[in-house]
Number of protein chains: 2
Amino acid sequence: MDYIFSDKISNLQPSAIREILKATADPSIIPLAAGNPAPDAFPVEEVQKIAENILQTNPVDALQYGVSEGYQPLRDTIADWIKNKENIGTDDDTVLILSGATQVMDLVTKVLCNEGDTVICEEPSFIGSLNCFRSYGCRLKGVPVEADGMDMDALEKALDETDKVKFIYTIPNFQNPSGATMSLEKRQRLYSLAKKHNVIVLEDNPYGDLRVTGENVPTVKSMDTEGIVIYAGSFSKILAPGLRVAYCCGPKQILAKMTVGKQASDVHTPCLNQMIVNEWFKHYDVDAHIAKIQGIYRKRLNLMCDAIDRELGDFVEYVRPEGGLFIWCKLPDYVDMLAFVKKAVEKKVAVVPGNAFLTDDKADTQYIRLNFSTPTEEGIVKGIQILGEIAKDYK
Amino acid sequence: MDYIFSDKISNLQPSAIREILKATADPSIIPLAAGNPAPDAFPVEEVQKIAENILQTNPVDALQYGVSEGYQPLRDTIADWIKNKENIGTDDDTVLILSGATQVMDLVTKVLCNEGDTVICEEPSFIGSLNCFRSYGCRLKGVPVEADGMDMDALEKALDETDKVKFIYTIPNFQNPSGATMSLEKRQRLYSLAKKHNVIVLEDNPYGDLRVTGENVPTVKSMDTEGIVIYAGSFSKILAPGLRVAYCCGPKQILAKMTVGKQASDVHTPCLNQMIVNEWFKHYDVDAHIAKIQGIYRKRLNLMCDAIDRELGDFVEYVRPEGGLFIWCKLPDYVDMLAFVKKAVEKKVAVVPGNAFLTDDKADTQYIRLNFSTPTEEGIVKGIQILGEIAKDYK
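Residues numbered from 1 in each chain as written. Chains lettered and ligands numbered in written order. Predicted model: local features only at pLDDT ≥ 70, side-chain atom pairs only at ≥ 80, totals over all residues. Heavy atoms only, no water.

**Student:** Explain the relation of the copies chain A and chain B to me, please; I cannot follow it from the model alone.
**Tutor:** With an RMSD of 0.0 Å, the operation that places chain A on chain B is a rotation of 180 degrees combined with a shift of 0.0 Å along the axis. Both copies are brought into coincidence by an operation consistent with a two-fold rotation axis. Minimal C-alpha distance to the rotation axis in chain A is attained by Glu52 of chain A, lying at 3.1 Å. By residue overlap, the copies meet face to face through one surface: 100% of the interface positions of chain A are interface positions in chain B. (Least-squares fit on C-alpha atoms with pLDDT ≥ 70 in both. Contact = heavy atoms within 4.5 Å.)

Laid out in structure tokens, this is it:
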């Protein structure tokens, strides 16, 4: 049979990163292409004890159907946590538990967008979210990212000139892939532009707790007096991605529609996994754990940036990020970026070609994305050394 | 701000069942409205041991990101299991792991249907799946269910007369809500009609292992020589729904598109949960466990049907199902069904009004759905007794 696929799916390609990662299943390849948290950042012993305790004392709640909104004790725990930490949440907001933060993007798009509507996003941006928007037949309108976040004049122009914009998607902290953190002034301007144009802001903050230097900047959601910001948070980077537990905080009316969407898509997030996260908050010092993993990533970020400065100093341009997982490097104009990436894989170093993160992934770019959380410390140094050797061939 | 929702979501209402269940959070209400497996059917000790062992011996795989297709050992385990048990799967098929069987419906709809396309389904059918199809802007075309499954003449007529039919959705075993099991002859005719009309069959079999009497009937998927059947199976009813692990088996080409859709919707099903299911197969006798829960449900099904015969014998019409979780009861024509359901809730018995399961949920029906897996055995007897008392008022 000749299968005919829906319009919105038939042009969607598998994630370029995941395709590269398949090539790198070979364990001899140094994985600078991935985005996996460092396994030594997982609180393994704590999860062992918590899971054992839940299944001993409360197995039926862990194994039975739950409600689509999420496990109520965890909803309460998160509401308190983000209120205290980031001043997020008003009386008109509520918190939902979702199966990974990508599901926040999925359900927001489902409830807000018809096919042909536009999502404004940073350019470059996280490929998983871009593919999610594409999978609903949305058009993408990219706004360039500068060292201090989205170009606000370009955003204003995009809002003025683009029809049927349903929301603005932003990763304000240590953006994937650029590493940029949006300044307070830009966050304030983003909020007023969204308000003026009656457009929702989808603020995705998976890396916010991975700050290794500098001062925390208030979230856009903390400025939200009008009920126009949906905030997405995740436990993938601070606890464990394999549990697939994330959350969002936003206007009750929108989240009620997202709940209806979740009923019809995966019914609810697994109960055992939600209970593990809640017990982690109840019995352990989450802030101390976050401080610990900040230490792990501070060391790795500096290791990679120092290696780049040493091995690739004249060759690439980049801005040292204040946190997150990624370094976004620009190759010289005379270099064929895709050929460079291919040479790197041949020499057993996997990196992601920057075009994967563009709204038009066939557009030209000189950028590559490097990750420092997945490789070992030795892998970071060796990987950058190899890229340095490839760079020498261009001189 | 006045929120404007997408066309496909703005008319979708929260599940009527879940709304009724909220009214029944009151523990004094007898829950004949739910569809939860009986907690005594959960292999609690086994899951305790398995989870402990996984988190002791292989914590990083359990907590790290996984691949969208699913945990490979579990994919292999399931492929073998359904091949041996149901002769499901050809060289052109593959198996994906999904986050509950509703996600199978979600991704099949996403990859096959544009807005305005038609899904043919049984009438009545599972509200969760109907809402899933609606959430993609699909039209629903219902085909009446008879005691031996879908009316095949009506199906043929629907296929002849309806434009842009993308798939036929069927629950062939102990259908939710009707309890009907499709005969072998009808399954064969369904397959040839689908083949003739170049239409995919989505075979949803969550209850197949819950047969309490009679002989197993071959699945439609076992007849699939043309690559036109997608089979959905679940561990919600035989292991535990709170784990949210399900699977589908179908043509590689379609499942590759579904994988792209899954990447963009929840990335992957939680690793710990997939590993628990796989270790359950490796270390325990799954068939023996299924035989045990069949015993539990046989007793409850007979208890409820005997109570109905005793207390409501002259009042309702129903066909005793050969398995599953539900009894589908027709009230007399002179009874206002919705008023009856309301009276039942007032007398502390929750049942589901049958219109919830119709393609047009505002259409009239005399049916109600009763569930025997969620209440205690005492609750079953008492609940039907109370319905019997209400029935007396009509005489």
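There is more to say after this.
**Student:** Just to check I follow, could you spell out the nonpolar core for this structure?
**Tutor:** Proteins that are soluble and globular tend to have nonpolar side chains buried together. Membership of the largest hydrophobic core comes to 219 residues, with the highest contact counts inside it found for Met258, Leu370 and Leu387 of chain A together with Met258, Leu370 and Leu387 of chain B. Not counting residues within four places of it along the chain, the set of residues in contact with Leu387 of chain B comprises Leu32, Leu312, Phe340, Ala344, Val349, Val351 and Leu370 of chain B. (Core = buried A, V, L, I, M, F, W, Y, C linked by side-chain atoms within 4.5 Å. Buried < 20%, exposed > 50% of the residue type's maximum accessible area, 1.4 Å probe, protein only.)

**Student:** Sorry if this is basic, but what is going on with the interface of chain A and chain B here?
**Tutor:** A common way to state how big an interface is: give the accessible area lost once the parts meet. Across the contact, 82 residues belong to chain A and 82 residues belong to chain B. Summing both sides of the interface, chain A and chain B together bury roughly 6,900 Å²; the carbon and sulfur share of this comes to 59%. The tally of links between chain A and chain B comes to 2 salt bridges. For Asp106 of chain A, the salt bridge identified is with Lys110 of chain B, shortest N-O distance 3.5 Å. There are 32 residue pairs in polar contact (both at pLDDT 80 or more) connecting chain A and chain B. Counting only elements with at least two residues in the side of chain A that touches chain B, the list comes to α1 (7–10), α2 (16–23), α3 (44–57), α4 (59–63), α6 (101–112), α7 (127–134), α10 (252–263) and α11 (271–283) of chain A. Looking at which element gives the most residues to the side of chain A that touches chain B, the answer is α3 of chain A, with 7 residues. Per-class residue counts for the side of chain A that touches chain B are 40 nonpolar, 28 polar and 14 charged. (Buried area = accessible area lost by both parts, 1.4 Å probe. Salt bridge = Lys/Arg side-chain N within 4 Å of Asp/Glu carboxyl O. Polar contact = N/O pair within 3.5 Å; in protein donor to acceptor, adjacent residues only side chain to side chain. Helix = DSSP H or I, 4+ residues; strand = E, 2+ residues; numbered from the N terminus. Nonpolar A, V, L, I, M, F, W, Y, C, P; charged D, E, K, R; others polar.)

**Student:** Is there a simple way to think about the sheet that holds strand β6 (residues 165–170) of chain A in this case?
**Tutor:** In any sheet, the strands associate via hydrogen bonds between backbone groups, in a parallel or an antiparallel arrangement. All names here are of chain A. Spatial strand order, β2-β9-β8-β7-β6-β3-β4-β5: 8 strands in an open sheet with mixed pairing. Whereas interior strands pair on both sides, the edge strands pair on one side only; in this sheet they are β2 (93–98) and β5 (149–150). Examined bridge by bridge, β6 and strand β7 (residues 200–204) share 4 bridges and lie parallel to one another. Bridge assignment links Ile168 to a residue of β7, and that residue is Val201. Along the sheet, α6 contacts β2, β6, β7, β8 (229–234) and β9 (246–251); its crossing angle with β7, the most-contacted strand, is approximately 170 degrees. (Pairing = 2+ DSSP bridges. Axes fitted to C-alpha atoms, helices over the stretch in contact; angles between N-to-C directions.)

**Student:** How do you make sense of helix α8 (residues 152–161) of chain A when you look at a structure like this?
**Tutor:** Note: α-helices contain 3.6 residues per turn, so residues at a spacing of three or four share the same orientation. All names here are of chain A. Along α8, the residues classified as buried are Met152, Leu155, Ala158 and Leu159. Looking straight down α8, one finds its buried side chains confined to an arc of 115 degrees; they lie on one side. Residues Asp153, Asp160 and Glu161 are exposed on α8 and point more than 90 degrees away from its buried face. Here the buried face of α8 lies against β3 (118–123), β4 (139–146), β5, β6 and α9 (184–196). (Arc of directions from axis to C-beta.)

**Student:** Sorry if this is basic, but what is going on with the environment of Gln274 of chain A here?
**Tutor:** Residue and element names in this part refer to chain A. Structurally, the position occupied by Gln274 is in helix α11. When its relative accessible area of 2% is taken as the criterion, Gln274 is described as buried. Taking the C-alpha atoms as reference, Gln274 lies 6.6 Å from Val245; in sequence the two are 29 residues apart. Not counting residues up to four positions away in its chain, the partners in contact with Gln274 are Gly70, Tyr71, Leu74, Ile97, Val245 and Thr269. Among the polar contacts made by the side chain of Gln274, one reaches the main-chain amide nitrogen of Tyr71 at a distance of 2.7 Å. In terms of polar contacts, Gln274 uses its side chain to reach the backbone carbonyl oxygen of Thr269, at 2.7 Å.

**Student:** For this particular structure, what's the right way to read the sheet that holds strand β12 (residues 352–353) of chain B?
**Tutor:** Residue and element names in this part refer to chain B. Pairing within the open sheet is antiparallel, and its 3 strands lie in the order β10-β13-β12. Sheet topology places β10 (326–330) and β12 at the edges, where each strand pairs with a single neighbour. Pairing between β12 and strand β13 (residues 367–371): 2 bridges, direction antiparallel. Bridge assignment links Val352 to a residue of β13, and that residue is Arg369. The strands touched by helix α12 (residues 286–312) within the sheet are β10 and β13, with β10 carrying the most contacts at an inclination of about 15 degrees. Helix-sheet contacts for helix α13 (residues 337–346) involve β12 and β13, and the interaxial angle to β13 is about 30 degrees.

**Student:** Got a minute to help me understand the packing of α3 of chain A against helix α3 (residues 44–57) of chain B in this structure?
**Tutor:** To characterise two packed helices, one gives the angle between the axes of the helices and the distance between these axes. Orientation of α3 of chain A relative to α3 of chain B, taken along the N-to-C sense of each, is 175 degrees, at an axis distance of 10 Å. Classified by the interaxial angle, the pair formed by α3 of chain A and α3 of chain B is roughly antiparallel. Side by side, α3 of chain A and α3 of chain B meet where Val44, Val47, Gln48, Ala51, Glu52, Leu55 and Gln56 of chain A of the first sit next to Val44, Val47, Gln48, Ala51, Glu52, Leu55 and Gln56 of chain B of the second. Of the residues in the contact of α3 of chain A with α3 of chain B, the class split is 8 nonpolar, 4 polar and 2 charged. (Parallel < 35°, antiparallel > 145°, perpendicular 65-115°, else oblique.)

**Student:** Looking at this model, I keep getting lost on empty space enclosed by the protein. Mind explaining?
**Tutor:** Rolling a probe over the atoms, with the probe sized like a water molecule, indicates the empty space that remains. Applying the stated rule across the entire model yields 5 cavities of 30 Å³ or more. Taken together, 15 residues make up the lining of the largest cavity; nearest its centre are Asn205, Pro206, Gly208, Asp209 and Ser234 of chain B. Among the secondary structure elements, those contributing two or more residues to the lining of the largest cavity are α5 (72–86) and β8 (229–234) of chain B. Residues of the lining of the largest cavity, tallied by class, amount to 7 nonpolar, 4 polar and 4 charged. Lining the second largest cavity, in full, are Trp81, Lys85, Glu86, Asn205, Pro206, Gly208, Asp209, Tyr231, Gly233, Ser234 and Tyr247 of chain A. Counting only elements with at least two residues in the lining of the second largest cavity, the list comes to α5 (72–86) and β8 of chain A. (1 Å grid on protein atoms, 1.4 Å probe; cavity = no way out; pocket = protein on both sides within 12 Å on 5 of 7 lines; lining within 4 Å. Points joined across faces, edges and corners; volume = space filled by probe spheres on them.)

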